[in-house]
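# Structure at a glance
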Amino acid sequence: MGESCIFCKIIRGEIPSATIYEDGDFKVILDINPAARGHALILTKEHYANLYELPEELAGKAMVLAAKLTAHMTEKLHCDGFNLVQNNGEIAGQTVFHFHLHLIPRYKDGDNRDLLTWNQITYEDGQVAALAEMLRL
Ligand code: 5GP
Ligand code: ZN
């Protein structure tokens, strides 16, 4: 998988990327087709297809890094908010099957307003309680 994976190629430096951060575990690049100015991707250096494969320790570190970067980027970009997006599976919109976390700056003026909107569904009476019971971990 690693051979043909586009993000593995970026990690190995075989494909150029606009890199804004790098450490032993992660490389953070600007998305080539951004949803907003400054849209960045936290990539793991090792190949994990998705969140289910990601070791717990790296999952924790990714969120700590996201917090650090969103604070830093807010200062630099003067954005007004951030969406963190992480897609798992084709139906969820995942197109590159190498774990990555999207950091998407949001701007009060000139924002991509329809970004991340969805139609709400409704529950029948009692459905939500039954679902919570079924899902309780
Ligand atoms: P996904 O849909 O899998 O959650 O997100 C994949 C993201 O990777 C997309 O937003 C896409 O624009 C970005 N992407 C795909 N190929 C490249 C590339 O070669 N370089 C960069 N910088 N981003 C890429
Ligand atoms: Zn990969």
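For the structure, see preceding data.
To start, this report covers the structure provided alongside it. What you are looking at is a predicted structure, and each value in this text was computed from that prediction instead of being measured. Starting from 1, residues in each chain are numbered consecutively following that chain's sequence as written. Ligands are numbered from 1 and chains lettered from A, in the order in which they are written. Per-residue local features of the predicted model are confined to residues with pLDDT of at least 70, and side-chain atom pairs are confined, for both listing and counting, to 80 or more; whole-chain, interface and lining totals are unaffected and use all residues. To get the side-chain values, take all heavy atoms of the structure and skip hydrogens and water.

Next up on the list: the sheet that holds strand E2 (residues 26-30). We call two strands paired when DSSP finds no fewer than two bridges between them. By the criteria applied, helices consist of DSSP H or I runs no shorter than four residues and strands consist of E runs no shorter than two, each listed in order from the N terminus. Judged by pairing direction, the sheet is antiparallel, and its five strands sit side by side in the order E1-E2-E3-E5-E4 without closing on themselves. Looking at the sheet topology across the chains shown, the edges are occupied by strand E1 (19-22) and strand E4 (81-85). With strand direction ignored, the average angle separating the axes of adjacent strands in the sheet is 20°. Pairing of strand E3 (residues 40-44) with strand E5 (residues 100-106) involves four bridges; the strand directions are antiparallel. Of the residues in E5, the one forming a bridge with Leu-43 is His-100. Here a residue-residue contact requires only that any non-hydrogen atoms of the pair lie within 4.5 Å. Each axis is a line fitted through C-alpha atoms, taken for helices only over the stretch in contact, and angles between the N-to-C directions span 0 to 180 degrees. Each of E1, E2, E3, E4 and E5 is contacted by helix H2 (residues 56-77), which is oriented at about 25° to E5, the strand it contacts most.

Among the secondary structure elements, His-98 is positioned in the loop between E4 and E5. When the C-alpha positions of His-98 and Ala-49 are compared, they lie 4.3 Å apart, and in sequence the two are 49 residues distant. Leaving out residues up to four positions away in the same chain, His-98 has contacts with Cys-5, Phe-7, Cys-8, Ile-11, Thr-44, Glu-46, His-47, Tyr-48 and Ala-49. Throughout this description, a polar contact denotes any pair of N or O atoms lying within 3.5 Å of each other; where both atoms belong to protein, one of them has to be capable of donating a hydrogen while the other can accept it, and for residues adjacent in sequence the pair is counted only when both atoms sit in side chains. Of note is the side chain of His-98, whose polar atom sits 3.3 Å from the side chain of His-47.

It is worth spelling out the pairing of E5 at this point. Judged by how many residues are buried, E5 sits mostly within the fold: seven of seven residues are covered. Here the term buried applies to any residue with accessible area under 20% of the maximum for its type, exposed to any over 50%, and partly exposed to those in between, with areas from a 1.4 Å probe on protein chains only. Alternating residues of E5 divide into His-100, His-102, Ile-104 and Arg-106 and Leu-101, Leu-103 and Pro-105, and every residue in both groups is buried. Here E4 pairs with E5 via five bridges, running antiparallel. Bridge pairing in E5 places Leu-84 opposite Leu-103.

Moving on, we get to unusual backbone geometry. Of note in the backbone geometry, His-78 takes a positive phi value of approximately 60° without being a glycine. Inspection of the secondary structure assignment puts His-78 in the loop between H2 and E4. Looking at His-78, the relative accessible area reads 62%, which means it is exposed. A positive phi angle is found at Leu-116, which is not glycine, with a value near 60°. In this fold, Leu-116 is placed in the loop between E5 and helix H3 (127-135). Under the relative-accessibility criterion, Leu-116 is labelled partly exposed at 39%.

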